[in-house]
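# Structural characterization, general
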Amino acid sequence: MHFPQLLTDPELRPYYSLHVIRLLIQGVIVAAFAFGVISSILRKKRILALTGMLFALAATAWGGSSVQINGSLHDGPAIGLDWFLLDMLLMAIIYVPLERLWPQYPEQGTFRKDWTLDVVYFMSTHLPIQILSFLVLLPATQAVKYLGVPALQHSIARLPWLLQFFLAVVVADVAEYFVHLALHQVPFLWRFHAVHHSSKALDWIAGSRSHFVDDTLVRGLILAPLMLGFSQNIILAYLIFVTLHATWTHCNFGPNAKWLEKFLVMPRYHHWHHTSQKEGIDKNFAIHFPWIDKIFGTYYYPEEWPEKYGLDGQEIAPGFLRQTIDPFIGKP
Ligand SMILES: [Zn+2]
Ligand SMILES: [Zn+2]
């Protein structure tokens, strides 16, 4: 609120009302105090509770939700702090209660080892929103320029909305399958993708541990085929769906829906992609539909859950900076 020109994304600003954001900020500050008090009573370690209350106090002292914004905002370079905070809040509100209520690994906890590393990764894909959306959209917009097929666009647009959406997810997942396969099979690309596989425990935020080269490559090459034939609304609906579903597949969430799991990827399915056990290596590349792996012979889906996660026999450096730089200079 003190530096809105610098810290909010101009593309997002028109979509949310300042009044709602102020209420949200006030709500978060009050909740931080309340949960801080509860946590400091219930937990032996009080460091998280005290840190939370200290931040809430500092936010209040610095004007809280009533900071006035002087002058009008204009386009220009900005850091997507608003995007980071809103998405983080939304994802945490959706997934943390599910993981607390029905965990597959109850002893794991929300603030497990390395959770701060994953928050840094989450930040790294949200703060530079302008640069990343440019990098992601570049291959896609180029694809439309040279390959855009009006006849295809027209015939897809005539289909019912739900069918268009389903087709888009199928096209995206087939594209994802091959990009993901390449990330595993090409040694140069694996260096980047290994970061995503380095998590030793999976939950909703472990899915965001991903090198930015991995991230932009996957997103850009999925969007490219979508832009050949689908409308902007369908692509937007797909982007919302992939964010929710890909996060969901990493969740520490035990319950099963037998009738659904053959058709749609559930957490146990993608957890087998992350195992370091031999039988699960290079399996389950699809992120939405298990039957895509079945078609290409990379399907592995036993009744039980994996016992261990992470890289098989490889180690990568701890810490965000080393993990970001090392793949470029050829370090394992
Ligand atoms: Zn993978
Ligand atoms: Zn994953």
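Residues numbered from 1 in each chain as written. Chains lettered and ligands numbered in written order. Predicted model: local features only at pLDDT ≥ 70, side-chain atom pairs only at ≥ 80, totals over all residues. Heavy atoms only, no water.

## Examining the overall build of the protein
- Per the secondary structure count, the protein includes 15 helices and zero strands.
- The C-alpha radius of gyration of the protein comes to 21 Å, within 12% of the 20 Å expected for a compact globule of 332 residues.
- Summarising its shape, the C-alpha atoms of the protein cover approximately 60 × 50 × 45 Å along the three principal directions.
- Burial statistics for the protein: of 332 residues in total, 43% are counted as buried.
- Contacts in the protein between residues far apart in sequence, at least 24 positions, make up 76% of those at least 6 positions apart. (Helix = DSSP H or I, 4+ residues; strand = E, 2+ residues; numbered from the N terminus. Rg over C-alpha atoms; globule rule 2.2 N^0.38 Å. Buried < 20%, exposed > 50% of the residue type's maximum accessible area, 1.4 Å probe, protein only. Contact = heavy atoms within 4.5 Å.)

## Quick notes on the coordination of the zinc ion (ligand 2)
- Distances from the zinc ion (ligand 2) to its protein donors, namely His196 (NE2), His250 (NE2), His270 (NE2) and His274 (NE2), fall within the range 2.1 Å.
- In the primary sequence, the donor residues of the zinc ion (ligand 2) line up as H-x53-H-x19-H-x3-H. Here histidine 274 lies in the loop between helix H13 (267-273) and helix H14 (290-296) and histidine 196 lies in the loop between helix H9 (187-193) and helix H10 (212-229), a separation of 78 residues in the sequence. Each of the two residues, histidine 196 as well as histidine 274, counts as buried. (Donors = N, O, S within 2.8 Å, 3.2 Å for Na, K, Ca; no water.)

## Focus on the domain arrangement of the protein
- Here the protein is partitioned into domain 1 (1-78) and domain 2 (129-329).
- For domain 1 versus domain 2, the separation of C-alpha centres amounts to 32 Å. (Domains from an automatic or database assignment.)

## Describing the nonpolar core
- Ile222, Leu223, Leu226, Phe230, Ile235, Tyr238 and Phe289 are the most contacted members of the largest nonpolar core, which totals 29 residues.
- If you list the elements that add at least two residues to this core, you get helix H6 (129-147), helix H8 (161-185), H10 and helix H11 (232-249).
- At nine residues, the largest contribution of residues to this core is made by H8.
- Apart from residues no more than four positions distant in its own chain, phenylalanine 289 is found in contact with Phe166, Val169, Val170, Asp173, Phe263, Leu264 and Val265.
- If you look at the next biggest cluster of nonpolar residues, it comprises 17 residues, including Trp204, Cys251, Phe253 and Ala257. (Core = buried A, V, L, I, M, F, W, Y, C linked by side-chain atoms within 4.5 Å.)

## Concerning the coordination of the zinc ion (ligand 1)
- The zinc ion (ligand 1) binds to the protein through His180 (NE2), His184 (NE2), His193 (NE2), His197 (NE2) and His273 (NE2), with metal-donor distances spanning 2.1 to 2.2 Å.
- We note that the donor set of the zinc ion (ligand 1) lies within a single chain, spaced as H-x3-H-x8-H-x3-H-x75-H. Here the residue histidine 193 occupies a position in helix H9, and histidine 273 occupies one in helix H13, the gap between them amounting to 80 residues.

## With respect to the pattern of salt bridges
- Per the stated rule, a full pass over the model turns up ten salt bridges.
- In this structure, arginine 112 and aspartate 118 form a salt bridge, with 2.7 Å as the shortest nitrogen-oxygen distance.
- Between arginine 112 and aspartate 203 there is a salt bridge; the shortest N-O distance is 2.8 Å. Of this pair, arginine 112 sits in the loop between helix H4 (81-101) and helix H5 (115-124) while aspartate 203 sits in the loop between H9 and H10, and the two are 91 residues apart along the sequence. Accessibility assignment for this pair places arginine 112 and aspartate 203 in one class, buried.
- Each of Arg112, Asp118, Asp203 and Arg209 takes part in a single network of salt bridges with overlapping partners. (Salt bridge = Lys/Arg side-chain N within 4 Å of Asp/Glu carboxyl O.)

## Describing the packing of H4 against H5
- In the contact formed by H4 and H5, the axes pass within 9 Å of each other and the chain directions differ by 130°. Relative to H5, H4 is oriented oblique. Crossing hand, H4 versus H5: right-handed. Facing Phe84, Asp87 and Met88 of H4, the residues of H5 in contact are Val119, Phe122 and Met123.
- Tallied by class, the residues present in the contact of H4 with H5 amount to five nonpolar, no polar and one charged. (Axes fitted to C-alpha atoms, helices over the stretch in contact; angles between N-to-C directions. Parallel < 35°, antiparallel > 145°, perpendicular 65-115°, else oblique. Left-handed = near helix turned anticlockwise from the far one by under 90°. Nonpolar A, V, L, I, M, F, W, Y, C, P; charged D, E, K, R; others polar.)

## Side note on the packing of aromatic side chains
- If you walk through the whole model with that rule in mind, you get 25 aromatic pairs.
- Ring centres of tryptophan 161 and phenylalanine 165 lie 5.9 Å apart, and the angle between their planes is 10°; this geometry places the pair in the stacked category. Taken together, the positions of tryptophan 161 and phenylalanine 165, both in helix H8 and four residues apart, correspond to about one turn of that helix.
- The structure contains a cluster of three or more aromatic residues connected by ring pairs, namely Phe166, Phe263, Phe289 and Trp291.
- The ring of tyrosine 299 carries lysine 294 above its face, with NZ or CZ at 4.6 Å from the centroid. (Phe/Tyr/Trp six-rings, centres within 6.5 Å; stacked < 30°, edge-to-face > 60°. Lys NZ or Arg CZ within 6 Å of the ring centre and 35° of its normal.)

## What about a nonpolar patch on the surface?
- A cluster of nonpolar side chains, namely Leu90, Ile94, Leu236, Leu239, Ile240 and Leu244, defines an oily patch on the protein surface of about 490 Å² accessible area.
- Elements with a minimum of two residues in the nonpolar patch: H4 and H11.
- Per element, the largest residue contribution to the nonpolar patch is four residues, and it comes from H11. (Patch = residues over 30% accessible without salt bridge, like charges linked within 9 Å, V, L, I, M, F, W, Y side chains within 5 Å. Areas by Shrake-Rupley, 256 points an atom, 1.4 Å probe, with all protein chains shown as cover.)

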